Amino acid sequence: MHTKTMEGLAGASMNMKLLNTPFRVYKDAERRGDTAVMERAMGYVGEFADKAEDYQKKAEKGMEEDAKEAGEKAKTEQENAIQKRREQREEMEKRIAESRNGDTDTVSISENGKATLDGKTDSVQPGADNGISAEETVDAIRMEPVIYSKSGEKAESEPGANFSVSV
């Protein structure tokens, strides 16, 4: 919040509160019929009302300045965001151009490699040293699925039995 706005709001509020005292004196003097006190009290009421109005104008000017600053800030943030997107787009275009140039490495898999991959799962790689021999991995891959009972023992499935699961 701009300082002019804060000062204007605080000044206007205080002068409106201070206005209550001379107005109360005016009402009391009116009941008594004392016109001199009434005139003097109304003079103070007028002064405080004028000060409150001046502070209100000051607050309005401060709010206008706040709005201008906020607009300028939003505009600069928007420009920064646009510039950042342009840079990202240029970087992406460079990457695409580099990939089209052919300067990148390519991988080709032989027919023997494709056949080997078709027979094994992705988790087991040939030649990897994971403590299991190649024969064991091939046997493990070729095994039929196993079904376990509630007690945790291996349950034999009937040959030719079909299972269907509906979700």
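Note that the structure is predicted; figures quoted are calculated from it, not measured.

We now examine a nonpolar patch on the surface. Where nonpolar side chains cluster on the molecular surface, the patch consists of Met1, Met6 and Leu9 and spans about 350 Å² of accessible area. In this structure, Met6 sits in helix H1 (residues 3–32). In this structure Met6 comes out as partly exposed when scored by relative accessible area, which is 46%.

So, on to the nonpolar core. Tyr26, Ala29, Val37, Met38 and Ala41 form the largest nonpolar core, which has 5 residues in total. Here this core gets 3 residues from one element, more than from any other, and that element is helix H2 (residues 35–101). Those residues in contact with Ala41 that lie beyond four places of it in its chain are Pro22, Val25 and Tyr26.

A few words on the environment of Val45. Mapping Val45 onto the fold places it in helix H2. Spatially, the C-alpha atom of Val45 lies 5.9 Å from that of Pro22, the residues being 23 residues apart in sequence. Ignoring any residue separated from it by four or fewer positions in sequence, one finds Val45 in contact with Leu19, Pro22 and Phe23.

So, about the pattern of salt bridges. Side chains that differ in charge, positive against negative, can pair when their charged atoms come close. Taken as a whole and assessed by the stated rule, the structure comprises 5 salt bridges. Taking the shortest distance from any N to any O, the salt bridge between Lys58 and Glu7 comes out at 2.7 Å. One end of the pair, Lys58, is in helix H2; the other, Glu7, is in helix H1, and 51 residues separate them in sequence. Classification of Lys58 as partly exposed rests on a relative accessible area of 29%.

Each value, and the rule that gives it
The written sequence of each chain sets the order in which its residues are numbered from 1. Where totals are concerned, whole chains, interfaces and linings use all residues; where local detail is concerned, this predicted model gives features only for residues with pLDDT of at least 70, and gives and counts side-chain atom pairs only at 80 or more. In computing side-chain values, all of the structure's heavy atoms are included and hydrogens and water are not. Excluding any residue in a salt bridge, patches collect residues exceeding 30% relative accessible area, merging like charges within 9 Å and nonpolar Val, Leu, Ile, Met, Phe, Trp and Tyr side chains within 5 Å. Areas reported here follow the Shrake-Rupley algorithm with a probe of radius 1.4 Å; residue values treat only the protein chains shown as occluding. By definition, a salt bridge exists where a carboxyl oxygen of Asp or Glu is found within 4 Å of a side-chain nitrogen of Lys or Arg. Secondary structure is summarised from DSSP: a helix means a run of H or I of at least four residues, a strand means a run of E of at least two, and numbering begins at the N terminus for each. Using a 1.4 Å probe on the protein chains alone, a residue whose accessible area is under 20% of its type maximum counts as buried, one over 50% counts as exposed, and one in between counts as partly exposed. Grouping buried Ala, Val, Leu, Ile, Met, Phe, Trp, Tyr and Cys residues that are joined through side-chain atoms within 4.5 Å yields what is termed a nonpolar core. Whether two residues are in contact is decided by their heavy atoms: any pair within 4.5 Å suffices.

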